[in-house]
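Descriptive structure summary
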Amino acid sequence: MQLRARRDDVVMLKNKLCLGTVQFGLEYGINNKTGKPGQEQVFAMLDHARAENIEYIDTAAAYGNAEEVIGAWFDSRGCQDEFKVISKLRPNLIEEGSRDVADMVIEQVQGSLQRLRLKRLNGYLLHTPANFYNPMVIKGLQEAKNLGLTENIGVSIYEVETAMDVVQSGLVDYIQIPFNVLDQRLARGDFYRIARDNGMLVFARSPFLQGLLFMEPAEVPDRVAEARGYVEEFGEIATRHGFSRAEACMLLSLISPGHDFVVFGVDNLQQLQEDLNVEEKGRDTSALVADLEQRFVNIEKAIIFPSLWANK
């Protein structure tokens, strides 16, 4: 799994980055201290990502007004062809017993295209994993693809069981998975091999676990207090091997050969610049990765599922 650090590795790893945009439309992240950025700040981040040749942008209808802001940036820069944009179906839109489901999906894709001011998406994903099991939803995705509204279709998942169902199905092109220091569940089985054998691209999201992995133990809120020990130990491991927490988080996700792209989010331009400058410092990362892989196994869902944090 490990790659030895070389100067050309840095360029190779940067080519695997996909800019996540949930922060562009919402006040998002357990460690977000600056709030939702204004349009001028978002434009500056997109300008920098473009200058650094980031290829993919990941967004969603559920990310507040992120699609509209990105669309305004595209309109102002006239560079619609310079990013591959992935968006997602609004969560929980399709209820049991809904009629004309395939048409609803197509209308949602068209709505995202209108807000983004694009003629075609690179990818369109299901934001609610349960929708994968609805044949009419899949039909809608496939029709959207046949109509040329999106080049690829896929699913954003949370559970291992769903991930395995998706990669074994042969029905979609993309799968987006959670992966970070505390959540390495899918690295411990056949998931990556099956995805590769079936020609499916894997996008790993949440390398920072919404910023939880950057926090000092005393800063971790009571609703996720069980994470304090893990956060402290992660910091100690990163420091022992000579890496910052940000470097350790990014490298663990980027170095994995099972990940075609890593979706990362930022709150401001400074964070983006720092993340894009992650370097391996001319050292072998295998000892760091081995420690992280061996230490953090079977972490409780109450910690690795942010959706559960608010319920505590």
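Our subject is the structure listed above.
A brief structural summary. Along every chain, residues carry numbers that run from 1 in the direction the sequence is written. Thresholds applied to this predicted model are a pLDDT of at least 70 for local features of residues and 80 or more for the giving and counting of side-chain atom pairs; totals over whole chains, interfaces and linings are not thresholded and use all residues. As a rule here, side-chain values cover all heavy atoms of the structure and leave hydrogens and water aside.

Quick word on the side chain of Asn 122
- Structurally, Asn 122 is set in strand β4 (residues 121-126).
- What makes two residues a contact is simply this: any of their non-hydrogen atoms within 4.5 Å. When sequence neighbours within four positions are dropped, the list of residues in contact with Asn 122 reads Tyr 56, Lys 84, Val 85, Ile 86, Thr 150, Glu 151, Asn 152 and Tyr 174. Starting at the N terminus, helices and strands are each numbered in turn, a helix being any DSSP run of H or I of at least four residues and a strand any DSSP run of E of at least two.

Looking at the packing of aromatic side chains
- The criterion for an aromatic pair is that two Phe, Tyr or Trp rings (for Trp, the six-membered ring) have centres within 6.5 Å, with stacked assigned to planes under 30 degrees apart, edge-to-face to planes over 60 apart and tilted to the rest. Considering all chains together, one arrives at 11 aromatic pairs under this definition.
- Pairing Trp 73 with Phe 74 gives two aromatic rings, centres 5.4 Å apart and planes at 55 degrees, and the pair type is tilted.
- Partly exposed residues are those whose accessible area sits between 20% and 50% of the maximum for their type, while under 20% is buried and over 50% is exposed, using a 1.4 Å probe and protein chains only. Judged by its relative accessible area of 0%, Phe 74 falls in the buried class.
- Judged by centre distance (4.9 Å) and plane angle (55 degrees), the ring pair of Tyr 174 and Phe 203 falls under tilted. On the criterion of sequence distance, the pair formed by Tyr 174 in strand β6 (residues 174-178) and Phe 203 in strand β7 (residues 201-205) is long-range, its members being 29 residues apart. Here the two residues Tyr 174 and Phe 203 agree in accessibility, since each one is buried.
- Among the aromatic residues, those joined into a cluster by ring pairs are Tyr 56, Tyr 174, Phe 203 and Phe 261.
- As a reminder, the over-ring test applies to NZ of lysine and CZ of arginine, requiring each to be within 6 Å of the ring centre and within 35 degrees of the ring normal. One cation-aromatic arrangement involves Arg 205 over Tyr 158; the distance from NZ or CZ to the ring centre is 4.6 Å.

Some details on the pairing of β6
- In terms of residue burial, β6 counts as a mostly covered element, since 5 of its 5 residues are buried.
- What you see with β6 is no split at all: Tyr 174, Gln 176 and Pro 178 on one side and Ile 175 and Ile 177 on the other are buried throughout.
- Being paired, for any two strands, means DSSP has found at least two bridges between them. Here strand β5 (residues 150-156) pairs with β6 via 3 bridges, running parallel. Following the sheet pairing, Ser 156 is matched in β6 by Gln 176.
- Across 5 bridges, the pairing between β6 and β7 is parallel.

Concerning the pattern of salt bridges
- By definition here, a salt bridge exists when the distance from a side-chain nitrogen of Lys or Arg to a carboxyl oxygen of Asp or Glu is within 4 Å. What the rule picks out here adds up to 18 salt bridges.
- Of the charged contacts in the structure, one is a salt bridge between Lys 14 and Glu 52, with a shortest N-O distance of 3.0 Å. Linking Lys 14 in helix α1 (residues 7-14) with Glu 52 in the loop between α3 (39-51) and β2 (56-58), this pair joins segments that are 38 residues apart in sequence.
- A salt bridge links Arg 185 to Asp 183, with the nearest nitrogen and oxygen atoms 2.7 Å apart.
- Judged by relative accessible area, Arg 185 falls into the partly exposed class, the value being 23%.
- Through salt bridges that share partners, Glu 159, Asp 183, Arg 185 and Lys 301 make up one connected network.

Looking at unusual backbone geometry
- Unlike most non-glycine residues, Ser 206 shows phi in positive territory, near 60 degrees.
- Residue position: Ser 206 is located in the loop between β7 and α9 (228-240).
- You can call Ser 206 partly exposed: its relative accessible area is 25%.
- One non-glycine residue, Leu 209, adopts positive backbone phi at about 50 degrees.

Focus on helix α4 (residues 66-77)
- What a helix should span is 1.5 Å times the count of its residues minus one. Helix length check: α4 (12 residues) gives 17 Å between terminal C-alpha atoms against 16 Å at 1.5 Å per residue, within 8%.
- The set of residues buried in α4 consists of Ala 66, Glu 67, Val 69, Ile 70, Gly 71, Ala 72, Trp 73 and Phe 74.
- Those residues of α4 that are buried are in contact with α2 (22-25), α3, β2, β3 (84-88) and α5 (101-116).

On their own, these measurements won't tell you what the molecule is for.
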